[in-house]
Structure formats: structure tokens, C-alpha cells
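Coordinate inspection notes
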Amino acid sequence: MSRFLMNPFFQYLLFNVTILLFYIMSLSDLYSPNAFFVVYFISILFFFFVLSLRYYKIHIGLLQKEKINQYISIDSGKIFNCIIYITFFIGALASIYQLYHFGATIFQENKVSRIEGSHYVDYLVNLLQISLCLSYIAIKSKLKKHNYIYFFIILVSFLLLSVKLNRGAFTFFLLVYIYISYVFSYKKNKQKKWFFKMACAVIIFGILFGAIGNMRLNYVLENIYHMSINDLYGMSNIYPSAFVWIYIYFTSPLENISRMIMEQSVWEYHWGLNLVYPFVAPLAKEIFSDRGSLYPPLAPIAGLNVSSYIQEALVDFGMIGPYIYMAVLCLVYMIAIFRLKNIYGFLCYISAINIGFWMIFTNSFAVGPNMINYLFFLMMSFISSAKSRRRKEGN
């Protein structure tokens, strides 16, 4: 289990192969797996495997006793707390601004169309992800004698992020919880207790995932489609709604991509602008009228508009696009691995894993909050390491 947790390459492959297998099972009448697409998708994963093969041995020693402490080492409690307070303050103000001017998805009758509000202000709202995660780490690390302020920040951050009904806002925290709690259990030789906690967390996550999905779709099912979620997605009624949500959520991107490849074509290549979109958004909007000429075929049929990173990779570079994106993902992983020197490097590593996790749903490189988290913790890991070196040299 230790080597699995510290090997993002293997995680990515296992995660995607599992989804592919479930997709091939075709538990939904919406699916008709195409042999060409299945082979194409496997070839992309194989390319990723070949690129990452030379790095597998690196992970063997990443959870050795002498190294484990550095993953949760906080060089300066004052700076750590300062980051918590600043990100919480900015994120809370931005969230209040969005709520005041645009409202909240959770209070709408129709919760399918999520209210985003101002695009760039929403980037600031997602700083609450950082305050949420760092507050949890501060409690685990006993940064202060009293944890009231951390509990308050966790509660408010959680509530403000929840009003959008965006499950993606909590995957980073879920990963932080998994990894940080594992490191502490590993140090204390309490892995069995950790496995029990994770089993409970997975069950709770599945229940909440289905509950939020039902909450968002309930109005549409009752007032527009006039059917159950099982009927909408063409699945047998023997499956509970939580399973239907999870199955469709994870596998529908493959059906969308399969149909895109077989039925659609790119009219204008973007030559990598989608790959770095958050950094060149104004330029990209000036050059191109939209993000791409492909569209998810299941969107008008069943409202399933997720098409994984492959959609934008095809728009960027055509059929070789996904291979280029996989090379970039390998680079993102490797940079994070080499920064495993302190808590910020560890959070950069977890951010990289979060980016890889979301690739099956969307182009994670173009998701602003994901890249902000990754680059912020990467920068902080360099700053913290530089300060540590100066202190050692001064001594």
C-alpha cells in the first residue's frame, strides 16, 4: 500500500484501466464501446507507462522512516499560519462577493446549471481549498495548543465551498486527508486504524457523491425528464442511485470521446493553447472564438457534457495530442516528486496527483484552481528549502 500511495504513475494507470474496464462492461444503454477507441485509449496509457517506467524505482525509498518526517515538517509556524489566514480571508471575501452578486447553486430550484459568477473571482474563492487543507494539517501537527481557530476556518471554508455543489472542490482536501493521515499513522505504526478510517471515508464520500448528484438533478428529473436517474442514463433499476451517479460520472467521458473521434473532426487546431489555457486565456480568446470545435454527443441526449482531457488534446494537436498531454503529466509528476523535501513539497506532490485524477473528466492543466494549488506549493517548497539552507549555512 505504501508504494502504491507514493507512485502516482501506477495510480494513474490503475485508475484509468479500471474506468476503461467498467466502460467496456456497458452497464448503460447509452454506451456502445468501439474497438478502435478502446485500442487507441490503451495505446495512450501504454505510452504513459513507457515514459514513466524509468521512474518507478524512485518510489521504493519514499516512505522510509528517515524520510517520512520531512514530508510533514513545517519550518516556520508563523508563515504557515499566515498562509492559512490570508487564503481564508481572501477566499471568504470572494465567496461572499459571489453569493451577494450571483447567488448560490444550492439555493436554486434547478441545481443542474451551476452558478459560477465572476470567473476570475472564482479563482479567489478556491483559495478556501488551501485554507481548508492547511488548517487540517495544522491540527494534525499540533501547531497551536488550542485548535479553535483552525476548526472555525475548516467549518466556514467547507460551507462556503459547498454552496456551489461542486464536488471537485473537495477532491484536493480528500487527497490531503488520505496522505497526511497516512504519514502520521505510518510514523506511529497504526496503519490498520488508518485503513479502517479510509474505508469509512470512501463509504461517506460515495454517499455524499450520490446525494449531491441527486440534489442537483432532482428538479430536472421531476419537472423536465419525468423519469428516475436510472431511466435517464439507461441503467437497470437494480442499481442504487449512488452507484448510477458514480458509474456514469466516471465512465461517460469515454463514450463522449469515442463518439467524437468516430463522428466529428477538428476544424481549427489550437497548437497547445488549451494545454496552458489559464496562463494565456486573454490571448487564446483573441485568437480563437472558442476552446474547440468538438462537442460531447451525450450532452443533448442525457446532459452528460464531460469529455476528459482528450477533447482539448485533440483540438490542440489532433490524434497525437493525448500523447503530448501524457508527457506533460509525467513532467508534472516528476517535478513534484523531486520537491518532496518539506510540507509544501508534499502538498505540491498531492496537487500533482489531484491533477492526474481529474484528467479523466477534463483538461486539468486548464483548471485554474488545480494549477494554482500546484504552482503555489511548488513555489513555497523552493522558498522554504532556500530558507532552511541559509539557516544551516549560518550555523
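First, a word on scope: everything that follows refers to the structure included in this document.

Calculation rules
Residues numbered from 1 in each chain as written. Predicted model: local features only at pLDDT ≥ 70, side-chain atom pairs only at ≥ 80, totals over all residues. Heavy atoms only, no water. Helix = DSSP H or I, 4+ residues; strand = E, 2+ residues; numbered from the N terminus. Contact = heavy atoms within 4.5 Å. Areas by Shrake-Rupley, 256 points an atom, 1.4 Å probe, with all protein chains shown as cover. Axes fitted to C-alpha atoms, helices over the stretch in contact; angles between N-to-C directions. Parallel < 35°, antiparallel > 145°, perpendicular 65-115°, else oblique. Left-handed = near helix turned anticlockwise from the far one by under 90°. Salt bridge = Lys/Arg side-chain N within 4 Å of Asp/Glu carboxyl O. Buried < 20%, exposed > 50% of the residue type's maximum accessible area, 1.4 Å probe, protein only. Patch = residues over 30% accessible without salt bridge, like charges linked within 9 Å, V, L, I, M, F, W, Y side chains within 5 Å. Lys, Arg positive; Asp, Glu negative; His and termini not counted. Charge placed at Lys NZ, Arg CZ, Asp CG, Glu CD. Core = buried A, V, L, I, M, F, W, Y, C linked by side-chain atoms within 4.5 Å. Phe/Tyr/Trp six-rings, centres within 6.5 Å; stacked < 30°, edge-to-face > 60°. Nonpolar A, V, L, I, M, F, W, Y, C, P; charged D, E, K, R; others polar. Expected span 1.5 Å × (residues − 1).

A word on the overall build of the chain
Summing up its helical and strand segments, the chain has 18 helices and zero strands in all. Restricting the contact set of the chain to residue pairs at least 6 apart, pairs at least 24 apart contribute 75%. Total accessible area on the chain stands at roughly 18800 Å², and carbon and sulfur atoms take up 67% of it.

So, the packing of helix H5 (residues 77-102) against helix H8 (residues 148-162)
A pair of packed helices can be characterised by two numbers: the angle between their axes and the separation between those axes. Here H5 crosses H8 at 30 degrees, and the two axes come no closer than 11 Å. Between H5 and H8, the angle falls in the class roughly parallel. The handedness of the crossing between H5 and H8 comes out as left-handed. From H5, Asn81, Ile84, Tyr85, Phe88, Ala92, Ser95 and Leu99 reach across to H8, where they touch Ile149, Tyr150, Phe152, Ile153, Val156, Ser157 and Leu160.

A short note on the pattern of salt bridges
Counted according to the given criterion, the structure contains one salt bridge. Glu255 is the partner of Arg259 in a salt bridge, and the nearest nitrogen-oxygen pair spans 2.7 Å. Linking Arg259 with Glu255, this pair stays in helix H12 (residues 241-263), spanning four residues, or about one helical turn. Exposure remark for Arg259: the relative accessible area of 17% places this residue in the buried category. On the basis of relative accessible area, Glu255 is assigned to the buried category, the value being 0%.

Thoughts on a positive patch on the surface
Taken together, the side chains of Lys142, Lys187, Lys188, Lys190, Lys193 and Lys197 make up a positively charged region of the molecular surface. Along the chain, Lys193 turns up in helix H10 (residues 191-225).

Some thoughts on a nonpolar patch on the surface
A cluster of nonpolar residues, Ile86, Phe89, Ile90, Leu93 and Leu124, forms a patch on the protein surface that exposes about 450 Å² of accessible area. A total of four residues in the nonpolar patch trace back to one element, the largest contributor, which is H5. Within the secondary structure layout, Phe89 lies in helix H5. Of the residues examined, Phe89 reaches a relative accessible area of 53% and is grouped as exposed.

Describing the nonpolar core
Ile137, Tyr179, Tyr233, Phe346 and Tyr349 are the most contacted members of the largest nonpolar core, which has 113 residues in total. Ignoring anything within four residues of it in the chain, the contact list for Ile137 reads Ile74, Phe80, Val176, Ile180, Ile343 and Leu347.

Section: the environment of Ile90
Along the chain, Ile90 turns up in helix H5. On the basis of relative accessibility, which here comes to 33%, the residue Ile90 falls in the partly exposed class. Distance in space between the C-alpha atoms of Ile90 and Val121 is 10.0 Å, their sequence separation being 31 residues. Excluding its chain neighbours within four sequence positions, the residues that come into contact with Ile90 are Leu124 and Leu127.

Examining the packing of aromatic side chains
Taken as a whole and assessed by the stated rule, the structure comprises 42 aromatic pairs. Considering the side-chain rings of Tyr179 and Tyr349, the 6.1 Å spacing of their centres and the 75 degrees angle between planes classify their relative orientation as edge-to-face. With Tyr179 in helix H9 (residues 171-187) and Tyr349 in helix H17 (residues 343-358), this residue pair connects regions lying 170 residues apart in the sequence. Exposure remark for Tyr349: the relative accessible area of 0% places this residue in the buried category. Their ring planes at 65 degrees and their centres at 5.2 Å tell us that Phe250 and Phe361 sit as a pair that is edge-to-face. A residue pair is termed long-range when its members are at least 10 positions apart, and Phe250 in helix H12 and Phe361 in the loop between H17 and helix H18 (368-394) qualify at 111 residues. Look at Phe250 and you get buried, because its relative accessible area is 14%.

Thoughts on the packing of helix H3 (residues 35-52) against H12
Direction vectors running N to C along H3 and H12 enclose 110 degrees, while the axes themselves pass 10 Å from each other. The angle between the axes of H3 and H12 places the two elements in the roughly perpendicular class. Seen from above, H3 lies across H12 with right-handed handedness. Residues Phe36, Phe37, Tyr40 and Phe41 of H3 form the contact with H12, whose participating residues are Leu254, Ile257, Ser258, Ile261 and Met262. Residue classes in the contact of H3 with H12 are distributed as eight nonpolar, one polar and no charged.

Things to note about the environment of Leu14
Looking at the element boundaries, Leu14 is found in helix H2 (residues 8-25). The exposure class assigned to Leu14 is partly exposed, which follows from its relative accessible area of 40%. Measuring from C-alpha to C-alpha, the distance between Leu14 and Leu45 comes to 9.8 Å, with 31 residues separating the pair along the chain.

Some remarks on H5
Across its 26 residues, H5 extends 37 Å between first and last C-alpha, which sits within 8% of the 38 Å expected from 1.5 Å per residue. Buried within H5 are the following residues: Phe80, Asn81, Ile83, Ile84, Thr87, Phe88, Gly91, Ala92, Ala94, Ser95 and Gln98. Where H5 terminates, the next one or two residues include Gly103, which has phi positive at roughly 85 degrees.

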